[in-house]
Amino acid sequence: MTATSLPESRGDQPTQDISISEFGAQKALAILAQSGKENAGVRVFIKSGGCSGYQYGMAIDDRELEGDTIVMDRGVKLLVDRMSFPLLRGSEVDFVENMMGGGFTVNNPNATSSCGCGHSFRTDGAQSPDGEGSGGCGSH
C-alpha cells in the first residue's frame, strides 16, 4: 500500500512532508518530459556513504512502491521510500547553478552537519547505519 501526502495547512503556513522549489520544479518537469516515462516522478532517497555518513540520491521513477510517501508539489510527483522518509521529512529539493555547473540539491532541516561538497550529511553525529561513511567527497 502506498501512502499519498498532499500539502496540508496549519494556520496560514502550508506544511508538507517534502517539497520542491519553483526553480527545482521547472528543471524537474523539463527532465521528466524528456524521460519518455508516463506518470513518472522524482524519487528522492538516502543511501549510506559519503564523508558525512549519508548521501542523497535522485532518480526518475515511474513506479510507486509499497510504503512510499508520494507528494505532488508544483506539478512534480516526489516519491520517497519508507526508509529514507524520516531523514528527508521537511526537506526541500532545489536546483542550483554555479560556476562549476548545476544540479539538484536537498535543503534538509534534519541534517546536523554536512560535507563541504553538499552531497552527504549526518543527522546526529553518529556513523551511518552500516558503518560506511568515510569514503570522502570523491566517493559519491
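Residues numbered from 1 in each chain as written. Predicted model: local features only at pLDDT ≥ 70, side-chain atom pairs only at ≥ 80, totals over all residues. Heavy atoms only, no water.

(A) Expanded view of the pairing of strand S7 (residues 69-73). With four of its five residues buried, S7 lies for the most part within the structure. Note that S7 and strand S8 (residues 76-80) share five bridges and pair antiparallel. Within S8, the residue paired with Met72 across the bridge is Lys77. Counting the residues that bridge the hairpin from S7 to S8 gives two residues, and of these Arg74 lies at a positive phi of roughly 55°. (Buried < 20%, exposed > 50% of the residue type's maximum accessible area, 1.4 Å probe, protein only. Helix = DSSP H or I, 4+ residues; strand = E, 2+ residues; numbered from the N terminus. Pairing = 2+ DSSP bridges.)

(B) View of the pairing of S8. Burial runs high along S8: five of the five residues are buried. Here S8 shows no split at all, with Val76, Leu78 and Val80 on one side and Lys77 and Leu79 on the other all buried. Pairing of strand S5 (residues 41-48) with S8, which is carried by two bridges, proceeds in the parallel orientation. Residue Arg43 lies in a different strand from S8, and its bridge partner there is Leu79.

These results come straight from atomic positions and should not be treated as a statement about function.
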